[in-house]
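Next come the chains, spelled out residue by residue.
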Amino acid sequence: MLNRLIAWSLQHRIIVVAIALFLVVYGAYTSTRLPVDVLPDLNRPTVTIFTESSGMAPEEVETLVSFPIETAMNGAPGVTRVRSASGVGLSLVFVEFDWSQDIYRARQVVNERLQIVKERMPDGINPTMGPISGIMGEIIQIGMFSKERPSYEVRSTADWVVRPRLLSIPGVAQVSVIGGGAMQYQVLANPAKLRQFNVSVIELNQAVSQANMNSGGGYLMNPDQEIIIRNIGRVQSLEDLEDSVIKVVNGTPITVKQVAEVKFGRPVLRGDASVQGNPGVILSVQKAPGADTIRLTEQVLKALEEVKPGLPNDIEVKDDLFRATTFINTSISTVEHAMRDAFILVSLVLFLFLLNFRTTFISITAIPVSLVIAAITFSFFGMGVNTMTLGGLAVAIGVLVDDAIIDVENVYRRLKEIRHLENPLPALRVIYNASREVRGSIVFATIIIALVFLPLFALSGIEGKIFTPLAIAFIVSLFASLLVSLTLTPVLCAYLLPNMKQMEHAEDPQLVRWLKRLNAPVVDWSMRSS
């Protein structure tokens with residue numbers, strides 16, 4: 001079958017070259033569209049359950065919240081481990097699934113169990129699932145601050161203007177706002193005035209709670225229309241809350257402002273954020289699993305530029321506090337430089353040994369063609385570019401030219417031999433015979449090298465997720481070079497080698513002759529001593 005492939009390639013040389021050019025162009029385009037990240041996807045399917053339990057101590061959170069949720073999740077289909085962390089007023093439960101589990105099905109399983117456990121939760125406590133994100137999900141941190149207004153007003157701008165715009169970008173899983181403190185309507189009761197007007201704290205709390213709501217009043221029916229009656233009671237300003245009536249005593253209403261101070265403020269902070277030494281707000285943007293970090297970061301920055309004109313003039317936005325793309329570009333650039341240096345060294349060594357531009361060019365052609373075939377394969381199987389896949393390609397660069405060198409060297413030697421015959425065979429026939437002679441050696445050598453990387457596919461867990469892409473990249477590019485040596489390499493030999501003037505000289509390159517002279521005594525001694 002391989003002999004037929006070589007023969008077909010030599011008979012249809014134009015088609016083979018056209019296919020190779022198409023693969024190079026399409027592969028180069030595909031490589032620019034592949035998702036780029038530092039490492040392969042290491043996200044084990046995990047669902048995080050958040051439960052806020054205000055006022056509870058860690059022991060109470062563990063007993064009343066975390067433990068019932070853990071108990072409900074244990075034994076769910078596909079669950080491998082359940083762990084929790086309980087703090088002051090907050091419970092985090094992490095439900096880990098098997099690597100093969102689909103994250104959306106995992107969330108469905110967790111949601112079904114949550115519906116059961118909610119009945120056992122204390123009043124007012126509602127467990128919720130966190131967004132779909134991963135251990136390397138944070139892609140950018142954005143800072144906002146103002147030197148003229150309090151940080152809680154900056155927080156309001158971040159919560160109601162910037163965050164909704166960023167969440168509308170496809171691929172953004174969550175935008176967490178840190179610092180500033182959410183702005184509140186604060187009602188600060190005055191104990192002396194409460195006693196003076198005979199108002200209890202419960203009455204004040206009830207009045208404030210009921211003051212901020214709209215209610216319906218039925219319908220007003222006319223012969224030709226139906227009018228909705230509404231009671232507008234939602235608070236729009238501090239004055240609305242101050243004028244809310246607590247109760248009426250002897251026909252005189254007692255309002256909130258008579259017994260308490262109403263103002264804007266922020267809650268008691270257990271943490272805060274600063275930007276360039278100023279109190280501010282930080283927005284942490286998390287990506288969904290599988291999203292392209294670089295493209296998503298570009299979309300986030302573009303959205304920020306669209307939002308900035310609508311922000312108050314005194315609010316400054318810093319989008320360079322942290323960017324995962326900086327680390328990605330540095331890591332990828334390092335590997336790319338290693339690949340570039342390897343390519344140059346391989347080309348230099350080939351030329352020194354072959355001392356011929358045409359044979360060197362034919363051999364080097366195997367590298368870019370094999371790499372673009374690997375890129376097309378990555379795109380087909382949904383893989384991305386990362387340090388491990390590029391590392392596999394970098395390791396393979398020196399091996400990619402092996403098959404082509406063996407074929408080119410044998411074709412070159414056979415063509416030189418027939419130059420001195422009275423009735424030489426046609427050049428295509430000689431190239432076919434020369435390629436067929438080394439075909440078995442090429443195939444067996446390629447398979448043996450590929451077998452070295454097969455054990456990497458047996459790794460499981462995080463190790464398998466890290467090293468499997470490296471093995472795939474190496475093996476795919478290796479077999480791509482084998483295909484090139486059986487198809488494109490003989491065709492290029494047919495185009496470039498038969499009419500070379502250097503064919504008239506039967507001598508080996510000078511470096512090869514010098515190495516042979518050094519090696520000859522060693523070989524003679526070995527033969528005499530055997």
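The coordinates are above.
As the structure is a computational prediction, the values presented were derived from the model and not from experiment. By convention here, each chain's residues receive numbers from 1 onward along its written sequence. Under the rules for a predicted model, residues below a pLDDT of 70 receive no local features and side-chain atom pairs below 80 are neither given nor counted, while totals for whole chains, interfaces and linings still include all residues. Excluded from the side-chain calculation are hydrogens and water; included are all heavy atoms of the structure.

Examining the overall build of the protein chain
Piece 1. Scanning the protein chain from terminus to terminus reveals 18 helices and 15 strands.
Piece 2. Dimensions of the protein chain, computed from the C-alpha atoms along their principal axes, are close to 130 × 60 × 50 Å.
Piece 3. Exposure categories follow from relative accessible area, calculated using a 1.4 Å probe and restricted to protein chains: below 20% of the type maximum is buried, above 50% is exposed, and the middle band is partly exposed. In the protein chain, which comprises 530 residues, the proportion classed as buried is 41%.
Piece 4. The criterion used for residue contact is that any of the two residues' heavy atoms lie within 4.5 Å. Here the analysis covers contacts within the protein chain between residues at least 6 apart in sequence; of these, 75% occur between residues at least 24 apart.
Piece 5. For the protein chain, the accessible area works out to roughly 29,400 Å², and carbon and sulfur atoms hold 58% of it.
Piece 6. Charged-residue counts in this description rest on Lys and Arg as positive and Asp and Glu as negative, His and the chain ends being excluded. Charged groups are reduced to one reference atom each: NZ for lysine, CZ for arginine, CG for aspartic acid, CD for glutamic acid. A gap of 7 Å separates the mean positions of the 46 positive and 48 negative side-chain charges of the protein chain. Put simply, DSSP marks the helices as runs of H or I at least four residues long and the strands as runs of E at least two long, and each gets a number from the N terminus on. To measure how exposed things are, a 1.4 Å probe is used in the Shrake-Rupley method; for residues, cover is taken only from the protein chains shown.

A word on a nonpolar patch on the surface
Piece 1. Patch construction takes residues with relative accessible area above 30% that form no salt bridge. Like charges are linked within 9 Å, and nonpolar side chains (Val, Leu, Ile, Met, Phe, Trp, Tyr) are linked within 5 Å. Criterion for a salt bridge: a side-chain nitrogen of Lys or Arg within 4 Å of a carboxyl oxygen of Asp or Glu. Residues Leu-348, Val-349, Leu-352, Phe-353, Trp-514, Leu-515 and Leu-518 make up a contiguous nonpolar surface patch of roughly 630 Å² in combined accessible area.
Piece 2. Those elements that place two or more of their residues in the nonpolar patch are α11 (324-354) and α18 (510-529).
Piece 3. Here the element with the most residues in the nonpolar patch is α11; it accounts for 4 residues.
Piece 4. By the element assignment, Leu-352 lies in helix α11.

Re unusual backbone geometry
Piece 1. Even without being a glycine, Asn-250 presents a positive backbone phi close to 55 degrees.
Piece 2. Mapping Asn-250 onto the fold places it in the loop between β10 (245-249) and β11 (252-255).
Piece 3. The phi angle at Gln-276 is positive, at roughly 55 degrees, despite the residue not being glycine.
Piece 4. Inspection of the secondary structure puts Gln-276 in the loop between β13 (274-275) and β14 (278-287).

A look at the environment of Lys-302
Piece 1. With respect to the element layout, Lys-302 can be found in helix α10 (residues 293-307).
Piece 2. A relative accessible area of 57% places Lys-302 in the exposed class.
Piece 3. When the C-alpha positions of Lys-302 and Leu-90 are compared, they lie 35 Å apart, and in sequence the two are 212 residues distant.

Considerations on the sheet that holds strand β2 (residues 79-87)
Piece 1. Only strands joined by at least two bridges in the DSSP assignment are considered to pair. Strand order in the open sheet formed by 4 strands is β2-β3-β1-β4, with antiparallel pairing between adjacent strands. Strands with a single pairing partner mark the edges of an open sheet, and in this sheet they are β2 and β4 (128-129).
Piece 2. As defined by bridge partners, β2 adjoins strand β3 (residues 90-97) across 8 bridges and the pair is classed as antiparallel. By the bridge assignment for β3, Val-79 is matched with Phe-97.
Piece 3. Sitting on the sheet, helix α3 (residues 58-73) touches β1 (46-52), β2 and β3, and the angle it makes with β2 is about 165 degrees.
Piece 4. Across the sheet, helix α4 (residues 103-117) is in contact with β1, β3 and β4; its angle to β1 comes to roughly 35 degrees. To obtain each axis, a line is fitted to C-alpha atoms, and for helices this fit is confined to the stretch in contact; angles are then taken between N-to-C directions over 0 to 180 degrees.

Some points on the pattern of salt bridges
Piece 1. Taken as a whole and judged by the stated rule, the model has 16 salt bridges.
Piece 2. The shortest N-O distance in the salt bridge between Arg-266 and Asp-272 comes to 3.9 Å.
Piece 3. Arg-266 sits in the partly exposed class, given a relative accessible area of 32%.
Piece 4. Residue Asp-272 is classed as partly exposed on the basis of its relative accessible area of 42%.
Piece 5. One continuous salt-bridge network, built from bridges that share partners, spans Arg-44, Arg-81, Arg-83 and Glu-96.

Focus on the packing of aromatic side chains
Piece 1. Paired rings are identified among Phe, Tyr and Trp, the last through its six-membered ring, by centres lying within 6.5 Å, and are further divided according to the angle between planes into stacked (under 30 degrees), edge-to-face (over 60) and tilted (the rest). Tallied over the full model, the rule gives 4 aromatic pairs.
Piece 2. Note on Tyr-185 and Phe-264: the rings are 5.0 Å apart at their centroids and 50 degrees apart in plane angle, and the pair reads as tilted. Of the two residues, Tyr-185 is situated in strand β7 (residues 184-189) and Phe-264 in strand β12 (residues 260-265); the sequence distance between them amounts to 79 residues.
Piece 3. Taking relative accessible area as the criterion, Tyr-185 reaches 39% and is therefore assigned partly exposed.
Piece 4. Given a relative accessible area of 34%, Phe-264 falls into the partly exposed group.
Piece 5. Between Phe-453 and Phe-474, the aromatic rings sit 4.0 Å apart at their centres with planes inclined by 20 degrees, giving stacked as the arrangement. Here Phe-474 lies in helix α16 (residues 461-486) and Phe-453 lies in helix α15 (residues 427-453), a separation of 21 residues in the sequence.
Piece 6. Residue Phe-453 is classed as buried on the basis of its relative accessible area, which comes to 16%.

A look at α10
Piece 1. Its 15 residues place the ends of α10 21 Å apart at the C-alpha level, agreeing with the 21 Å of an ideal helix rising 1.5 Å per residue.
Piece 2. Buried residues of α10: Thr-293, Ile-294, Leu-296, Thr-297, Val-300, Leu-301, Ala-303, Leu-304 and Val-307, and no others.
Piece 3. If you follow the buried residues of α10, they end up packed against β5 (138-146), α5 (151-167), β6 (172-178), β14, β15 (315-323) and α11.
Piece 4. Any pair of nitrogen or oxygen atoms within 3.5 Å is treated as a polar contact; in protein, a donor-acceptor pairing is required on top of that, and neighbouring residues in sequence qualify only through side-chain atoms on both sides. Of the residues flanking the start of α10, the one acting as N-cap is Asp-292, its side-chain oxygen 3.1 Å from the backbone nitrogen of Ile-294. By this rule the span expected of a helix is its residue count minus one, scaled by 1.5 Å.

Let's talk about the packing of helix α2 (residues 13-33) against helix α13 (residues 366-380)
Piece 1. At their nearest, the axes of α2 and α13 sit 8 Å apart, and the two run at 50 degrees to each other. By the angle between their axes, α2 is oblique relative to α13. In this structure, α2 crosses over α13, and the sense of that crossing is left-handed. Facing Leu-23, Val-24, Tyr-26, Gly-27, Ala-28, Thr-30 and Ser-31 of α2, the residues of α13 in contact are Val-369, Val-372, Ile-373, Ala-375, Ile-376 and Ser-379.
Piece 2. Gly is put with the polar residues, along with every residue not named as nonpolar or charged; the nonpolar set is Ala, Val, Leu, Ile, Met, Phe, Trp, Tyr, Cys and Pro, and the charged set is Asp, Glu, Lys and Arg. Of the residues assigned to the contact of α2 with α13, the class counts are 9 nonpolar, 4 polar and no charged. For this classification, under 35 degrees means roughly parallel, over 145 means roughly antiparallel, 65 to 115 means roughly perpendicular, and everything else is oblique. Here a crossing is called left-handed whenever its near helix is offset anticlockwise from the far helix by less than a right angle, and right-handed whenever the offset is clockwise.

A closer look at the environment of Tyr-495
Piece 1. Mapping Tyr-495 onto the fold places it in helix α17 (residues 488-496).
Piece 2. As a C-alpha pair, Tyr-495 and Arg-13 span 482 residues in sequence and 8.8 Å in three-dimensional space.
Piece 3. Among residues more than four places away in sequence, those in contact with Tyr-495 are Arg-13, Ile-14 and Val-17.

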